[in-house]
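# Secondary and tertiary structure notes
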Amino acid sequence: MATKGPINDPMIDPRTGEYAVIAPGHNFKSVTQKIAGIVLTSNTPLGWFFGLLVASGFVTGLVIGLTWLVLKGVGIWGVTIPGAWGFAIINFVWWIGIGHAGTLISAILLLFKQTWRNSINRFAEAMTIFAVVCAGMFPLIHVGRPWLGYWLFPYPNTMNVWPQFRSPLAWDVFAVSTYATISVVFWYIGMIPDFGTLRDRAQLPLAKYFYGILSLGWRGSTRHWIRYESASLLLAGLSTPLVLSVHTVISFDFAVAALPGWHTTIFPPYFVAGAIYSGFAMVITLAIPIRKFYHLEDLVTLRHLDNMAKVMLGTGLIVGYGYGMEVFMAWYSASHWEWFMMWNRMFGPMGWAYGILILTNLAIPLTTLWSRKLRVNVAFLFVLSFIINTGMWFERFVIVVTSLYRDFLPSSWGTYRATRWDYIIYVGTLGLFTFLFFLFVRFLPMIPMNEIRMMLPQTKVTRGGATAEQVSEESA
Amino acid sequence: MPPREGIYGLLAEFNTPSELVHATEAAHSAGYRRMECYTPYPVEEAASALHFHKTRVPLVCLLGGVIGVTTAFMMQTWVAVWAYPLNIGGRPLFSWPAFIIPAYEWTILFAGLSAAFGMIALNGLPQLYHPVFNAPNFRSGATTDKFFLCLEAADPKFSVTETRAFLEQFSAVSVVEVDH
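Residues numbered from 1 in each chain as written. Chains lettered and ligands numbered in written order. Predicted model: local features only at pLDDT ≥ 70, side-chain atom pairs only at ≥ 80, totals over all residues. Heavy atoms only, no water.

## Examining the overall build of chain A
- Assigned secondary structure in chain A consists of 16 helices and 0 strands.
- Since a compact globule built from 476 residues should have a radius of gyration of about 23 Å, the 24 Å found for chain A is in line with a globular shape.
- The C-alpha extent of chain A, read off along each of the three principal axes, is 80 × 60 × 40 Å.
- Looking at chain A as a whole, 59% of its 476 residues qualify as buried.
- Long-range contacts, defined here as pairs at least 24 residues apart, represent 81% of the contacts in chain A between residues at least 6 apart.
- Charge-centre separation for chain A: the mean point of 32 positive side chains lies 4 Å from the mean point of 21 negative side chains. (Helix = DSSP H or I, 4+ residues; strand = E, 2+ residues; numbered from the N terminus. Rg over C-alpha atoms; globule rule 2.2 N^0.38 Å. Buried < 20%, exposed > 50% of the residue type's maximum accessible area, 1.4 Å probe, protein only. Contact = heavy atoms within 4.5 Å. Lys, Arg positive; Asp, Glu negative; His and termini not counted. Charge placed at Lys NZ, Arg CZ, Asp CG, Glu CD.)

Okay, structure coming up:
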């Protein structure tokens, strides 16, 4: 490995040939200043205002779309019989899948002691939460009367009506609400020590007050830290099965239905892998402009991009296996309807969608990601992450639409066509996601300072009480 | 409650975690018990020096999980069998495999919330006021790059002059009195 890449690149460790996790030359103070400075500066970059303005435009579109939906009902969408499920479920599954990489980075990589996660976990978690916000909106609005959405929850009511716990849609309520709650709690718990730092460094009284309240009075006591680390590990341990279960439950929405193209046992693992695939693509989509804009190349290094690209390669291969297995099982099951569905999916009137899916999800990423040169090529990765996100959206589209619009009886065949309101609401959620993300990078620490500190050479405790000079000599 | 008058303790500031751990170990072997380290990130060696090992957070988390799974499973059984029985394709009312999924989710929900809020409660947070914040140098470094050891006045071995002399033999940047 040591022979690859430019030899005199300061980011490459000459001994191992690996990229450095964070650039050398940082100390506790410089890291804190860099990250806290983004939040505490009184000079908001002009680009931030511009981005927020553009995102607000899309959010306005979303508000208009939702208002019209509430006034007119779901008839303004393209859903009809037989295509009774459309953009709402496609977007729901796509958005929640995007969120999964955040939990994976913050939980699974923490358990595996992958320290490279530390630079990217905070904004990946933020991405999770905002993606769940966008995702959760769709099941709520697709019921037609969103103001009665609370009927989905089990609560004692005067009608004596309770949810139907044998239904996958009731499982969704439990899975998604748990996922949202635990993600928010994990995210907040992770930020408490950083809020303490921001409180102590803030100059404006309002900022002192705001971060002071959020920090809960955190003072970095060692006994607190030990309980804190214990709670973090437990939350990570709980989030790991949670993230796998959430997308498994969502795949049950399909797999429990006795419909060709949905009723397959490959769905749970294949959905989870696809979710992580698109989630990492979204982390890359976000990380590349942010590190460029805020000059965070020292902390979010090429090593991070390389590792994330490797995860995408791995999950992409699982997704590819899933596609292959779907076709194989359709043929091997010798079920007439199953094989017709698959043939129609690949070569029928909606075959173009399957073609896009194969091209963007398999052909382009899985041929290029093998090359390390391309994995650390920032511009290429940025474009590729868009391609993969498009591909994953088309995967959901293909699964939902091509299984529904031509089912068992040719007499009941129809088609599905999304309306302008479908597009307005979908694009609106993209705007909402961006809008929330802009607020996040301005007001919250987007890289966990306390975790970055632990990766510095000065962190090491040496016996006999070494002084600062000795440590810096040793690390040099 | 420790007495409110007088000083809270003596706070020594260090530049490196190693110096802090060394001083803490020495303070423990000198017989001090009421003391605390303050660091900008978790220093496990400091916890060992304080002889603080066990937290009750995992226990709280476990209890939360057990309550979650029991609540969810019993609730679903009660709803499906007694409160609102529905005949779905002739399936048994007590169709327990379907109940596992919400029960599983609530196990995680309750356990996770218990771990998070249990940690906050066991730490005595939120506590917006604490005497160490009164030290002039604490807030400029404790959450950024400095390491503090506080020997508290509530310790029977504490004496302003002797404890100060004890702390000053280590390479502390400063030793300051902390008011209540």
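## Remarks on the domain arrangement of chain B
- As assigned here, chain B comprises domain 1 (7-54 + 127-179) and domain 2 (56-123).
- Using only C-alpha atoms to locate each centre, domain 1 of chain B and domain 2 of chain B end up separated by 44 Å. (Domains from an automatic or database assignment.)

## So, the confidence of the model for chain B
- Residues with a pLDDT of 70 or more make up 97% of chain B, whose mean pLDDT is 87.
- Across the predicted assembly, pTM comes out at 0.88 and ipTM at 0.91. (pLDDT = per-residue confidence, 0-100.)

## Quick notes on the interface of chain A and chain B
- Counting residues at the interface gives 65 residues for chain A, matched by 70 residues for chain B.
- Of the roughly 6200 Å² buried at the junction of chain A and chain B (both faces included), carbon and sulfur atoms supply 68%.
- Among the residues chain A hides against chain B, the three largest losses belong to Arg166, Arg219 and Arg223 of chain A. Together they make up 14% of the total.
- Run the count over chain A and chain B and you get 3 salt bridges.
- Across the chain A-chain B interface, the total number found is 24 residue pairs in polar contact (both at pLDDT 80 or more).
- A per-element tally of the side of chain A that touches chain B places helix α7 (residues 222-255) of chain A first, with 18 residues. (Buried area = accessible area lost by both parts, 1.4 Å probe. Salt bridge = Lys/Arg side-chain N within 4 Å of Asp/Glu carboxyl O. Polar contact = N/O pair within 3.5 Å; in protein donor to acceptor, adjacent residues only side chain to side chain.)

## Some remarks on the pattern of salt bridges
- Per the stated rule, a full pass over the model turns up 13 salt bridges over all chains.
- Salt-bridge contacts for Lys29 of chain A lead to Asp145 of chain B; the nearest nitrogen and oxygen are separated by 3.8 Å. Of the two residues, Lys29 of chain A is situated in helix α1 (residues 28-40) and Asp145 of chain B in the loop between α5 (138-141) and β3 (147-152); the pairing between them involves two chains.
- What makes Asp145 of chain B buried here is its relative accessible area of 11%.
- Across the pair Glu36 of chain B and Arg223 of chain A runs a salt bridge, and its minimum N-O distance is 3.3 Å. Linking Glu36 of chain B in strand β2 (residues 35-38) with Arg223 of chain A in helix α7, this pair reaches from one chain into another.

## Topic: a nonpolar patch on the surface
- Taken together, the side chains of Val143, Tyr150, Trp151, Leu152, Phe153, Met159 and Val161 of chain A present a nonpolar region at the surface, about 640 Å² in accessible area.
- The class of Tyr150 of chain A is partly exposed, set by a relative accessible area of 44%. (Patch = residues over 30% accessible without salt bridge, like charges linked within 9 Å, V, L, I, M, F, W, Y side chains within 5 Å. Areas by Shrake-Rupley, 256 points an atom, 1.4 Å probe, with all protein chains shown as cover.)

## Structural notes on the UniProt feature "transmembrane region" (unreviewed entry) in chain B
- When the UniProt feature table is mapped to this numbering, "transmembrane region" (unreviewed entry) covers residues 59-84 and 104-125 of chain B.
- Structurally, residues 59-84 of chain B is divided into 96% helix and 0% strand, and its ends, taken at the C-alpha atoms, are 35 Å apart. (UniProt positions renumbered as here; feature names shortened; annotations may be inferred.)

## Quick look at the packing of aromatic side chains
- Within the structure shown, the criterion is met by 62 aromatic pairs over all chains.
- Geometrically, the ring pair formed by Phe195 of chain A and Tyr211 of chain A is stacked, given 6.1 Å between the ring centres and 25° between the ring planes. Taken as a pair, Phe195 of chain A in helix α5 (residues 168-201) and Tyr211 of chain A in helix α6 (residues 205-214) lie far apart in primary sequence, 16 residues in all. Across the pair, exposure class does not vary: Phe195 of chain A and Tyr211 of chain A are buried alike.
- An angle of 50° between the planes, with centres 5.1 Å apart, marks the rings of Phe138 of chain B and Phe148 of chain B as tilted. Of this pair, Phe138 of chain B sits in helix α5 while Phe148 of chain B sits in strand β3; the two residues are 10 residues apart in sequence, bridging distant segments of the chain. Accessibility assignment for this pair places Phe138 of chain B and Phe148 of chain B in one class, buried. (Phe/Tyr/Trp six-rings, centres within 6.5 Å; stacked < 30°, edge-to-face > 60°.)

## Some thoughts on the environment of Ala135 of chain A
All names here are of chain A.
- The topology assignment puts Ala135 in helix α4 (residues 121-142).
- When the C-alpha atoms of Ala135 and Gly99 are compared, they prove to be 9.0 Å apart, with 36 residues separating the residues in sequence.
- Residues within four places of Ala135 in sequence aside, it is in contact with Phe92, Trp95 and Ile96.

## A short note on the confidence of the model for chain A
Residues and elements named next belong to chain A.
- Of all residues in chain A, 93% attain a pLDDT of 70 or more, and the chain-wide mean is 86.
- When pLDDT is averaged over each element of chain A, helix α2 (residues 46-72) comes out on top at 93 and helix α16 (residues 468-475) at the bottom at 47.
- Below pLDDT 50 for its whole length, residues 1-5 participates in 6 contacts with residues either more than four positions away or in separate chains.
- Note that residues 465-476 has pLDDT below 50 and, in this model, 17 contacts with residues that lie over four places away or in other chains.

## Topic: empty space enclosed by the protein
Residue and element names in this part refer to chain A.
- Per the counting criterion, the structure on display carries 4 cavities of 30 Å³ or more.
- Approximately 60 Å³ is the volume attributed to the largest cavity.
- Lining of the largest cavity is provided by Gly102, Thr103, Ser106, Glu125, Thr128, Tyr179, Ile182, Ser183, Phe186, Ser239 and Leu242.
- Counting only elements with at least two residues in the lining of the largest cavity, the list comes to α3 (87-111), α4, α5 and α7. (1 Å grid on protein atoms, 1.4 Å probe; cavity = no way out; pocket = protein on both sides within 12 Å on 5 of 7 lines; lining within 4 Å. Points joined across faces, edges and corners; volume = space filled by probe spheres on them.)

## Points about the packing of α7 of chain A against helix α4 (residues 96-122) of chain B
- Direction vectors running N to C along α7 of chain A and α4 of chain B enclose 160°, while the axes themselves pass 9 Å from each other. It follows from the interaxial angle that α7 of chain A and α4 of chain B lie roughly antiparallel. Taken as a pair, α7 of chain A and α4 of chain B cross one another with a handedness that is left-handed. Residues Arg227, Tyr228, Ala231, Leu234, Leu235, Leu238, Pro241, Leu242, Ser245, Val249 and Phe252 of chain A of α7 of chain A touch α4 of chain B, and the partners they reach there are Ile101, Tyr104, Glu105, Ile108, Ala111, Gly112, Ala115, Ala116, Met119 and Leu122 of chain B. (Axes fitted to C-alpha atoms, helices over the stretch in contact; angles between N-to-C directions. Parallel < 35°, antiparallel > 145°, perpendicular 65-115°, else oblique. Left-handed = near helix turned anticlockwise from the far one by under 90°.)

## Quick word on the sheet that holds strand β1 (residues 7-14) of chain B
Residues and elements named next belong to chain B.
- If you walk across this open sheet you meet the 4 strands as β2-β3-β1-β4, and the pairing is antiparallel. Every other strand in the sheet has two partners, leaving β2 and β4 (174-179) as the edge strands with one partner each. In this sheet, neighbouring strand axes are inclined to one another by 25° on average, regardless of whether the strands run parallel or antiparallel.
- Direction of pairing for β1 relative to β4: antiparallel, over a ladder of 6 bridges. Note that in β4 the partner of Leu10 across the bridge is Glu177.
- This element, helix α1 (residues 17-29), spans β1, β2 and β3 of the sheet and lies at about 15° to β3. (Pairing = 2+ DSSP bridges.)

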